[in-house]
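# Structure at a glance
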Amino acid sequence: MRRKDREVKDINQIKKILDSCKTCRLAMVDNGQPYVIPLSYAYLINGETLTLFFHSAKEGRKIKILHENNTVCFEISNEGEPVFAEKTPCSSGYYFSGVHGYGDARFVDDVNEKCFALTLLMKHQANIDVDFTPSQADSVCVFKVFSTSFTGKTKPRPT
């Protein structure tokens, strides 16, 4: 990272960023072309591994791509706030925080793990506890991205 002063390495700070965001932009490669989509997510951090959980329809372009090439890049960030420098416009910018990284996508087939992932998604997205039934879990595709290559970045608003 070029701007080491903005890098976030502390895992608790990274968790705060992940907790404050709701959308992950997942990038894939489709026949040599980039393909990026926004997805709702949930996460777990175990040691130095970040696991992102997603759900979707069982078929479609994203599913096809991930079956062919499961290497992905992701970006999660908050909306932040613009900063305008009137006297030096080139110094304008944006207050923000985010997490980005690389990983491998894997499909979840075990129904108990799918129920767990869907419960985690509802907790992260809506802050409600929901128990999913096996038939509900079987009606959707669930996949996860494992990443050991991720970092945070921030330009905080001065206090």
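The present account deals with the structure reproduced in this document. (Residues numbered from 1 in each chain as written. Predicted model: local features only at pLDDT ≥ 70, side-chain atom pairs only at ≥ 80, totals over all residues. Heavy atoms only, no water.)

With that out of the way, let us pick up the overall build of the protein. The helix and strand inventory of the protein stands at four helices and nine strands. Burial status across the protein gives 37% buried among its 159 residues. In the protein, of all internal contacts separated by at least 6 residues, the share reaching a separation of at least 24 is 71%. (Helix = DSSP H or I, 4+ residues; strand = E, 2+ residues; numbered from the N terminus. Buried < 20%, exposed > 50% of the residue type's maximum accessible area, 1.4 Å probe, protein only. Contact = heavy atoms within 4.5 Å.)

Evaluated as defined, the whole model comprises three aromatic pairs. Judged by centre distance (6.1 Å) and plane angle (55°), the ring pair of Phe107 and Phe143 falls under tilted. Remark: Phe143 occurs in strand β9 (residues 141-155) and Phe107 occurs in strand β8 (residues 93-107); sequence separation between them is 36 residues. Residue Phe143 is classed as buried on the basis of its relative accessible area of 0%. By way of ring pairs, the aromatic residues Phe54, Phe107 and Phe143 are connected into one cluster. (Phe/Tyr/Trp six-rings, centres within 6.5 Å; stacked < 30°, edge-to-face > 60°.)

Formed by 28 residues in total, the largest nonpolar core has its most connected members in Leu26, Tyr41, Leu52, Phe54 and Phe74. When residues of this core are traced back to their parent elements, those giving at least two are α1 (11-20), β2 (23-30), β3 (33-40), β5 (49-56), α2 (61-68), β6 (71-77), β8 and β9. No other element matches β9, which puts four residues into this core. Setting aside chain neighbours within four positions, we find Leu26 in contact with Tyr35, Val36, Ile37, Leu39, Phe54, Val72, Cys73, Phe74, Phe143 and Val145. (Core = buried A, V, L, I, M, F, W, Y, C linked by side-chain atoms within 4.5 Å.)

Below, the discussion takes up the pairing of strand β4 (residues 42-46). Here five bridges tie β4 to β5, and the two strands are oriented antiparallel to one another. Paired with Tyr43 across the two strands is Leu52, which belongs to β5. Between the end of β4 and the start of β5, which pair antiparallel, lie two residues, with Gly47 showing a positive phi angle near 65°. (Pairing = 2+ DSSP bridges.)

With that settled, consider the environment of Phe116. Along the chain, the position of Phe116 falls in helix α3 (residues 111-126). Each C-alpha atom, one on Phe116 and one on Val130, is 9.8 Å from the other, the two residues being 14 residues apart in sequence. Beyond its immediate stretch of four places on either side in the chain, Phe116 contacts Leu44 and Phe53.

You can see Ser97 is positioned in strand β8. Only 2.5 Å separates the side chain of Ser97 from the side chain of Asn78, close enough to count as a polar contact. Leave out the neighbours within four places in its chain, and Ser97 touches Ile17, Ile76, Ser77, Asn78, Lys153 and Thr154. (Polar contact = N/O pair within 3.5 Å; in protein donor to acceptor, adjacent residues only side chain to side chain.)

In this section: the pattern of salt bridges. Inspection of every chain in the model, using the stated rule, returns six salt bridges. Across the pair Glu113 and Lys144 runs a salt bridge whose closest N-O atoms are separated by 2.3 Å. Taken together, the positions of Glu113 in helix α3 and Lys144 in strand β9 put the pair 31 residues apart, joining distant regions of the chain. For Lys123, the salt bridge identified is with Asp129, shortest N-O distance 3.6 Å. According to the relative accessible area criterion, Lys123 is partly exposed, its value standing at 34%. (Salt bridge = Lys/Arg side-chain N within 4 Å of Asp/Glu carboxyl O.)

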